[in-house]
Structure formats: structure tokens, C-alpha cells
Amino acid sequence: MTDLLYSEEEEALRAAVRDLLADHCDPADVLARAESGTPYDPELWKALADGMGLAGLLVPEALGGQGATHREVAVVLEELGRAVAPAPYLTSAVVATEALLAFPHSRLRSSGGTPTADDLLGELASGRRIGALAVALNVAPGAAYRLVRHENGALHGELTGIADAAVADVLLVPADDGGLYAVEADAVTISPQVSLDLTRPVATVVLDGAPGRLLGDAEPAVRRGLRAGAGLLASEQLGLADWCLTETVRYLKDRKQFNRPVGGFQALKHRLAQLWLEVVNTRAAVRNAADALATGSTDADLAVALAQAYAAPVAVHAAEEAVQLHGGIGMTWEHPVHLYLKRAKADSIAYGTAGRHREALAELVDLPAP
């Protein structure tokens, strides 16, 4: 039976990432950057990608990566979720990277010296470049997505809801000829959209005759990227929920009313106990999904759907409880808990809603339609 507990190496990785984020993701600084309209901290990304080599965890060593697994990536995302870190890790180091990993690997360049998918993987793994799959953030694995038009060797069209497009150096764009194209970000027009989550902005991408280099078939690459995104997003949601629970318990131990800690009231104890149980159950589902992706299990689709169906509502519930149980201070802009609520709400529709994943889960286990 697979051991879903964290290994010593995974715990060491967690400690290192948490220490790094403590230096770079102070809540006040995260809020200030989010308010400025430029939430991403280049120094944070450099420390994550270059300093610790985390951008290349999923990339084989032969292609310039670390050759790790989805279990290690899940630990990183838990910590990023705990800090609502404004970094394009999920979109570049997971979704875009997984999409590129769907192609056969070769260290050779194509004719004319054109960079291959492997060359791009090496660049993403090093953190020198940031990639983004040009599919709307709300699209679930296996669902339909918008395509651009490929005509006379150029790409034309408009794509909306693209997460982290504003900081991407290269976009992976699916076209109507069935291909996935690498398009330089400076060859397209990127306009920010209003985003609930200030720490993960989305944008509209307009391609008006943009040149692109063909990487391979889009369908398997997009499906793989979105599946990994959904499965590992659950780890981010777990980290977020765990932070909300931990900080709420701490606050209720310190806050006094009628000369006793607020956390001592039975009604609040019951609410916290229920939330703790939900977080523990989420951890089991999330770890199972990460392990299934790491081992290439035939039940990976099932594990991902289960994790997302469970993690999304738990993260929202944890954030809502944190806001309410922090009382008046939880309703203020200065307290960071609203960032967690917005991230949880935005994550709940990213890569498919919980309802969409429950439907997928029912199909996978052959449940009859109601």
C-alpha cells in the first residue's frame, strides 16, 4: 500500500520553503504589492526558481531539471498556499511544464535551429523564463477550451482568463489546426482583467498575426497540463485551509471575552473541531492525488477529481470561518485573511468547479445519473 505520509526529505523541503517565504512573503508586503497592481515579486521568484531550483522539480535531470515528483511539488504548493504567495509557480512550473512533458523528449533541435519543447523545458526549469498555458483558468481537465486561428503561418484570436499571462515570457497556445504553439509574450497584446484574487491576476491575450513555433499536438498536452494543475491546486488549497485553521485557533486562544479566552466557548470549539476534521480529510485526498500523479497510477484521474471535489469547498469554508471568527479585525483590509478568502474563492473555480469534478468522479466510478 502506498505511504501517503510525508517523508523526511519532504519535511525538510517544507521547512526550507517555509523559511524562504517567511523572508519574502510577509502579509503586509503581499498586500502592498497586490494593491500596487504588480503582485509578483521578482526576488521571490528568483529565490524559488534559481536559488532553490524548485521551478524544475518535475523536469528530468537530463533536460536541466531536478527529476523530482509531484509529491515534492505538492509540498511546495502547500507552503505557497499557506503564504498566498504571489508567484507563478502553479502556472509555469506545473501546468506549462506538464504540457511540455507530454511531448516526446529529444535533446536535438529541429531543422533550422528552432528550439524544441525540450529546450523550452530547460528554460522553464531554470527559472530564466516563465511559461503559461493559454487556456482559461476555469477550464477543467477534459473540458472544451477556446482555440485561436492558425492562418498563413500566423496565429489570430482572443483568449480570456489566462492566469499569469502578464508575467509570462512565453505562452503555449492551442490552435484550430490541432497544434500547440509557443508564442513569445512580446508578440501579443496582454490586457489585465478584473480578478477577485489580487495575488493571481488573469488577463486577456490578443493574437493578431502572432508568429508561433509548433511544439506538437495540443490535445494531450493541454489535458495533461490541466490534470496536473487541478491535482496539485488541491495542495495549495490544503495549505491555505491549514493556515486559516491554525491562525484562527491561535487568535481565539489569545482573544479574551468575559475574562476568558474566546476559544473556550463550546460553540466555537465545535466549529473548530469540524473544520479540523475537514482539513485532515482533505490532506488525505490531496496526498493521494499527488502520489497518483507521481507514480503514474491508472487511477490518477479518479484521485485528482476526488481531491478537487473535496479540497475546493473546504478551503472556502476554512477562509470564511477565519474571517468570521477573527471578529472585527477579520473584516478589515489591513488583516491578511481577506487575501485567503479571495484566493480560496478564485481557486474554487480554477481548473473546474467542485461540482464539475464530482460529475467526472461519478463517471469514473460508473455511478448512474440521477
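Residues numbered from 1 in each chain as written. Predicted model: local features only at pLDDT ≥ 70, side-chain atom pairs only at ≥ 80, totals over all residues. Heavy atoms only, no water.

## Some details on the sheet that holds strand 8 (residues 213-217)
Operational definition: When DSSP locates at least two bridges between a pair of strands, those strands are taken to pair. To qualify as a helix, a DSSP run of H or I must reach at least 4 residues; to qualify as a strand, a run of E must reach at least 2; elements of each kind are numbered from the N terminus. Axis geometry follows a simple rule: fit a line to the C-alpha atoms, using only the stretch in contact for helices, then measure angles between N-to-C directions, giving values from 0 to 180 degrees. In what follows, a contact means two residues having at least one pair of non-hydrogen atoms within 4.5 Å.
If you trace the four strands from one edge of the open sheet to the other, you get 1-4-5-8, paired in mixed fashion. Among the strands making up the open sheet, the edge pair consists of strand 1 (131-133) and strand 8. Along the sheet, successive strands turn relative to each other by an average axial angle of 25°, direction set aside. The pairing of strand 1 with strand 4 (residues 170-174) spans three bridges and is parallel. Following the sheet pairing, A132 is matched in strand 4 by L171. Taken strand by strand, helix 5 (residues 89-101) contacts strand 1, strand 4 and strand 8, and its axis lies near 65° from that of strand 1. Relative to the sheet, helix 6 (residues 117-126) contacts strand 1, strand 4, strand 5 (179-184) and strand 8, its axis offset from that of strand 4 by approximately 140°.

## Concerning the packing of helix 4 (residues 70-82) against helix 7 (residues 218-254)
Two quantities define a packed helix pair, namely the angle between the axes and the distance from one axis to the other. Our working definition: Each angle receives one of four descriptions, namely roughly parallel if under 35 degrees, roughly antiparallel if over 145, roughly perpendicular if within 65 to 115, and oblique otherwise. Left-handed describes a crossing in which the near helix is turned anticlockwise from the far one by less than a right angle; the clockwise case is right-handed. The classification used treats Ala, Val, Leu, Ile, Met, Phe, Trp, Tyr, Cys and Pro as nonpolar, Asp, Glu, Lys and Arg as charged, and all other residues, Gly among them, as polar.
Contact pair helix 4 / helix 7: the axes reach a minimum separation of 7 Å and the direction vectors enclose 40°. Between helix 4 and helix 7, the crossing angle belongs to the class labelled oblique. When the axes of helix 4 and helix 7 are compared, the crossing they make is right-handed. From helix 4, H70, V73, A74, L77, E78, G81 and R82 reach across to helix 7, where they touch L232, S235, E236, L238, G239, L240, D242, W243 and T246. Residue composition of the contact of helix 4 with helix 7, by class: seven nonpolar, five polar and four charged.

## So, the packing of helix 7 against helix 10 (residues 337-347)
Orientation of helix 7 relative to helix 10, taken along the N-to-C sense of each, is 150°, at an axis distance of 11 Å. Accordingly, the angle class assigned to the pair helix 7 and helix 10 is roughly antiparallel. Every pair of crossing elements has a handedness; the one defined by helix 7 and helix 10 is left-handed. Where helix 7 approaches helix 10, its residues L233, E236, Q237, L240, W243 and C244 are matched on the opposing element by V337, Y340, R343, A344 and D347. Split by residue class, the contact of helix 7 with helix 10 holds seven nonpolar, one polar and three charged.

## A closer look at the pattern of salt bridges
It is possible for side chains of opposite charge to pair when their charged atoms get near one another. Test applied: For this document, the term salt bridge refers to a Lys or Arg side-chain nitrogen within 4 Å of an Asp or Glu carboxyl oxygen. Only protein chains enter the accessibility calculation, which uses a 1.4 Å probe; a residue whose area is less than 20% of its type maximum is buried, one above 50% is exposed, and one in between is partly exposed.
Inspection of every chain in the model, using the stated rule, returns 25 salt bridges. The salt bridge involving E10 is made with R287; its shortest N-O contact spans 3.0 Å. Taken together, the residues E10 in helix 1 (residues 8-24) and R287 in helix 8 (residues 266-295) connect sequence positions 277 residues apart. Relative accessible area serves as the criterion here: at 3%, R287 is assigned to the buried category. A salt bridge links E320 to K345; the nearest nitrogen and oxygen atoms lie 3.4 Å apart. Taken together, the residues E320 in helix 9 (residues 300-325) and K345 in helix 10 connect sequence positions 25 residues apart.

## Focus on unusual backbone geometry
The backbone of D164 sits at a positive phi, close to 65°, despite the residue not being glycine. Mapping D164 onto the fold places it in the loop between strand 3 (154-163) and strand 4. Among the residues examined, D164 registers a relative accessible area of 2% and is labelled buried. Positive phi, close to 55°, is recorded for Y351, a residue that is not glycine. Relative to the elements of secondary structure, Y351 occurs in the loop between helix 10 and helix 11 (354-364). Note on Y351: relative accessible area 4%, which makes it buried.

Interpretation in functional terms is not warranted from these geometric data alone.
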